[in-house]
Amino acid sequence: MPKPVPPHLNQLRFKTNLKMAISKLKFTQEKKVALTKQQRRQLAELLKAGKESSAKIRVENIIRDDIYIELLEYLELYCELLLARLNMILDRPTCDSSLLEAVCSLIYSAQSTDLKELCSIRDILIYKYGTEFGKEALENKEGIVPDKIVRRCGIEPPSEDLVNMYLVEIALAYSVPYSGLEHFKDENDGEGEGGDEDDEGGTKEAVPKEKEQSLAELAEKPSVVASKPQKKSTAKQKDDFDALAARFAALKNTPK
């Protein structure tokens, strides 16, 4: 005898749950972004006062919040996808291959968030596709949940290099002293030797001031997308520092 369909699995209720989750995800992201702006200013004050040890501890909270914000961005996209293909979910007894990543990622990562809306969606999906499907998704046995989600659900502390990169960019953005700036400047000087000429031996054009974007403005954003990739970036470096590290390293190439 087939299981009775619970009220929350009908089309209208499931659609409402997804919309509520999307709304809560957006609200939480905005709240976290505002908080990280304030935390960056506080860190700048600590660096200005010479309290680097305290700043290194507190910057880990900013890094974790940035990673959490990125996780919520991915989950919001997954919820949008499920909402767009709601009829497919309700009409088919098994999960369509085009939805596997989204469904498994939502089940896997719901426990890493504080959002009850996502937990409700997780429970609905497990009921829909079965407890065995839900167990495999939670354990990621088949590796369907992408690495970008798994890493952002992890609890590993940020590396020393990533902590230093954050502090360097905050120090540059707010014009405050930091011991790590000396190493940063040495690296830039080494990379900048002969850097005034392009690959064909010509002189590079100066960047117009109206096109420049201050580091202070960039520091206010939790996710900074580099305008161009690093010259010497490697796959191993990206694995070590994650996308966050790559973005902050790329800030060194931002015109000042």
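Refer to the structure presented above.
Residues numbered from 1 in each chain as written. Predicted model: local features only at pLDDT ≥ 70, side-chain atom pairs only at ≥ 80, totals over all residues. Heavy atoms only, no water.

Participant: For this particular structure, what's the right way to read the overall build of the protein chain?
Facilitator: Summing up its helical and strand segments, the protein chain has 11 helices and zero strands in all. The order of helices and strands in the protein chain, counted from the N terminus, is α-α-α-α-α-α-α-α-α-α-α. Per-residue burial for the protein chain yields a buried fraction of 39% across its 256 residues. When contacts within the protein chain are restricted to residue pairs at least 6 apart in sequence, long-range pairs at least 24 apart make up 75% of them. When the accessible surface of the protein chain is totalled, it reaches about 15,200 Å², and 51% of it is carbon and sulfur. (Helix = DSSP H or I, 4+ residues; strand = E, 2+ residues; numbered from the N terminus. Buried < 20%, exposed > 50% of the residue type's maximum accessible area, 1.4 Å probe, protein only. Contact = heavy atoms within 4.5 Å. Areas by Shrake-Rupley, 256 points an atom, 1.4 Å probe, with all protein chains shown as cover.)

Participant: Would you take a moment to explain helix α6 (residues 131-139) for this structure?
Facilitator: What sets the pattern is the α-helix's 3.6 residues per turn: residues three or four places apart point alike. Listed in full, the buried residues belonging to α6 are Phe133, Gly134 and Ala137. Angularly, the buried residues of α6 cover 95° about the axis, an arc narrow enough to put them on a single face. Directly after α6, the chain includes Asn140, whose backbone phi takes a positive value near 50°. (Arc of directions from axis to C-beta.)

Participant: Before we go on, may I ask you to explain the packing of helix α4 (residues 100-109) against helix α5 (residues 116-129) in this structure?
Facilitator: The angle between the axes and the distance between the axes are what describe a pair of packed helices. Here α4 crosses α5 at 125°, and the two axes come no closer than 9 Å. On the basis of their axis angle, the class for α4 and α5 is oblique. For α4 against α5, the interelement crossing comes out left-handed. Residues Val103, Leu106 and Ile107 of α4 pack against Leu118, Arg122, Leu125, Ile126 and Tyr129 of α5. The residue makeup of the contact of α4 with α5, split by class, is seven nonpolar, no polar and one charged. (Axes fitted to C-alpha atoms, helices over the stretch in contact; angles between N-to-C directions. Parallel < 35°, antiparallel > 145°, perpendicular 65-115°, else oblique. Left-handed = near helix turned anticlockwise from the far one by under 90°. Nonpolar A, V, L, I, M, F, W, Y, C, P; charged D, E, K, R; others polar.)

Participant: Please clarify how unusual backbone geometry should be interpreted in this entry.
Facilitator: Backbone phi values are negative for most residues with the exception of glycine, while trans is the configuration of most peptide bonds. Its identity as a non-glycine residue notwithstanding, Asn140 has a phi of 50°, on the positive side. The residue Asn140 is located in the loop between α6 and α7 (147-152) in this model. The phi dihedral of Ser175 falls on the positive side, at around 55°, and the residue is not glycine. Along the polypeptide, Ser175 turns up in the loop between α8 (160-174) and α9 (180-192).

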